[in-house]
Amino acid sequence: MDYKVKTIWRLSDGEAFYDNKYSRGHRWIFDGGVEVPASSSPFIVPLPYSIAEAVDPEEALVASVSSCHMLWFLSIAAKKRYRVLSYVDDAVGHMSHNEKGKLFISKIILTPHVVFSDDKIPSADEIIDLHALAHADCFIANSLLTEVIIDIPKL
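Residues numbered from 1 in each chain as written. Predicted model: local features only at pLDDT ≥ 70, side-chain atom pairs only at ≥ 80, totals over all residues. Heavy atoms only, no water.

K.L.:
Could you clarify how one ought to interpret the environment of Phe139 in this entry?
P.N.:
Here Phe139 shows up in helix H3 (residues 139–142). Separated by 70 residues in the primary sequence, Phe139 and His69 place their C-alpha atoms 8.6 Å from one another. Once residues within four sequence positions are removed from consideration, Phe139 is found in contact with Cys68 and Trp72. (Helix = DSSP H or I, 4+ residues; strand = E, 2+ residues; numbered from the N terminus. Contact = heavy atoms within 4.5 Å.)

K.L.:
Explanation requested: the sheet that holds strand E8 (residues 147–150) in the structure shown.
P.N.:
Pairing between the strands of a sheet comes from backbone hydrogen bonds, and it takes one of two forms, parallel or antiparallel. Taken in spatial order, the 3 strands make up an open sheet running E5-E6-E8, and their pairing is mixed. The open sheet has two edge strands, strand E5 (92–97) and E8, and neither has a second partner. In this sheet, adjacent strand axes meet at a mean angle of 25° when their direction is disregarded. Pairing of E5 with strand E6 (residues 103–110) involves 6 bridges; the strand directions are antiparallel. Across the sheet, residue Gly93 finds its bridge partner in E6, namely Ile108. Against the sheet, helix H1 (residues 57–79) makes contact with E5, E6 and E8, and its axis sits at roughly 35° relative to E6, the strand it touches most. (Pairing = 2+ DSSP bridges. Axes fitted to C-alpha atoms, helices over the stretch in contact; angles between N-to-C directions.)

K.L.:
Looking at this structure, I do not really get the packing of aromatic side chains. What am I missing?
P.N.:
The geometry of two aromatic rings is summed up by the distance between their centres and the angle between their planes. According to the stated counting rule, one finds 9 aromatic pairs in the structure shown. Ring centres 6.0 Å apart and planes at 50° place the aromatic pair Trp9 and Phe17 in the tilted group. Look at Trp9 and Tyr22: their rings are 5.8 Å apart centre to centre, the planes differ by 75°, and that puts the pair in the edge-to-face class. Taken together, the positions of Trp9 in the loop between strand E1 (5–8) and strand E2 (26–30) and Tyr22 in the loop between E1 and E2 put the pair 13 residues apart, joining distant regions of the chain. Classification of Tyr22 as buried rests on a relative accessible area of 15%. The structure contains a cluster of three or more aromatic residues connected by ring pairs, namely Trp9, Phe17, Tyr18 and Tyr22. Seen from the ring of Tyr22, Arg24 lies directly overhead, with NZ or CZ sitting 3.9 Å from the centre. (Phe/Tyr/Trp six-rings, centres within 6.5 Å; stacked < 30°, edge-to-face > 60°. Buried < 20%, exposed > 50% of the residue type's maximum accessible area, 1.4 Å probe, protein only. Lys NZ or Arg CZ within 6 Å of the ring centre and 35° of its normal.)

K.L.:
What am I meant to see in a nonpolar patch on the surface here?
P.N.:
Together, Trp9, Leu11, Phe17 and Tyr18 make up a nonpolar patch on the protein surface, roughly 480 Å² of accessible area in all. Here Phe17 lies in the loop between E1 and E2. Residue classification places Phe17 among the partly exposed positions, given a relative accessible area of 38%. (Patch = residues over 30% accessible without salt bridge, like charges linked within 9 Å, V, L, I, M, F, W, Y side chains within 5 Å. Areas by Shrake-Rupley, 256 points an atom, 1.4 Å probe, with all protein chains shown as cover. Salt bridge = Lys/Arg side-chain N within 4 Å of Asp/Glu carboxyl O.)

K.L.:
Quick question: what am I supposed to make of the pattern of salt bridges here?
P.N.:
Considering all chains together, one arrives at 1 salt bridge under this definition. Arg27 is paired through a salt bridge with Glu35; the nearest N and O atoms lie 3.1 Å apart. For Glu35, a relative accessible area of 43% translates into the label partly exposed.

K.L.:
Even after reading the chapter, I still don't get helix H2 (residues 124–137), so can you show me in this structure?
P.N.:
At 3.6 residues per turn, the α-helix brings residues three or four places apart onto the same side. The first and last C-alpha atoms of H2 sit 20 Å apart over 14 residues, in line with the 20 Å expected at 1.5 Å per residue. Here H2 has its buried residues at Ile127, Leu130, His131 and Ala134. Down the axis of H2, the buried set is contained in an arc of 95°. They therefore lie on one face. The elements touched by buried residues of H2 are H1, strand E4 (84–89), strand E7 (112–116) and E8. (Expected span 1.5 Å × (residues − 1). Arc of directions from axis to C-beta.)

K.L.:
Looking at this model, I keep getting lost on H1. Mind explaining?
P.N.:
The first and last C-alpha atoms of H1 sit 33 Å apart over 23 residues, in line with the 33 Å expected at 1.5 Å per residue. Among the residues of H1, those classed as buried are Ala60, Val62, Val65, Ser66, Cys68, His69, Phe73, Ile76 and Ala77. One side-chain oxygen at the N-terminal end of H1 lies 3.1 Å from the backbone nitrogen of Glu58; it belongs to Asp56. (Polar contact = N/O pair within 3.5 Å; in protein donor to acceptor, adjacent residues only side chain to side chain.)

K.L.:
For this particular structure, what's the right way to read the packing of H1 against H2?
P.N.:
Describing two packed helices takes the angle between their axes plus the distance from one axis to the other. The contact between H1 and H2 brings their axes to 8 Å, and the two run at 125°. Taken together, the axis directions place H1 and H2 in an arrangement best described as oblique. As for how H1 packs across H2, the hand of that crossing is right-handed. Seen from H1, the contacting residues are His69, Trp72, Phe73, Ile76 and Ala77; seen from H2, they are Ile127, Leu130, His131, Leu133, Ala134, His135 and Asp137. Grouping the amino acids of the contact of H1 with H2 by side-chain chemistry returns 8 nonpolar, 3 polar and 1 charged. (Parallel < 35°, antiparallel > 145°, perpendicular 65-115°, else oblique. Left-handed = near helix turned anticlockwise from the far one by under 90°. Nonpolar A, V, L, I, M, F, W, Y, C, P; charged D, E, K, R; others polar.)

Encoded structure:
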């Protein structure tokens, strides 16, 4: 399987480029046709050269891990006959320096809040098991060296 994204950036009129004062704004076009405005993070490249409203690669990485985990969680919960009414994750990626002094996303913390229907509610231990299974199956998490933590709210 191949997953394709087209990334498009163009130098704007009047930008010299050599002075490093150019817009980092660009577009991602996904294989289904969805176009997403993207940019460097304003934490890395200051405004106005970054676009705060656009998605930056670091946010996209955190979103990918969160989304993948959620999709596996929902699939596993459905197979176990738990009816999920909602799933909200306040995911956070932490950047730090590695042993070579390079910045990297060192940790991603997922904080999923899951609401189940009243007909069959899993126990706290079963919820932990559902998340463990989802994490083990998540393609994105399995592709990373970054530590991924699932911080399940106390029930």
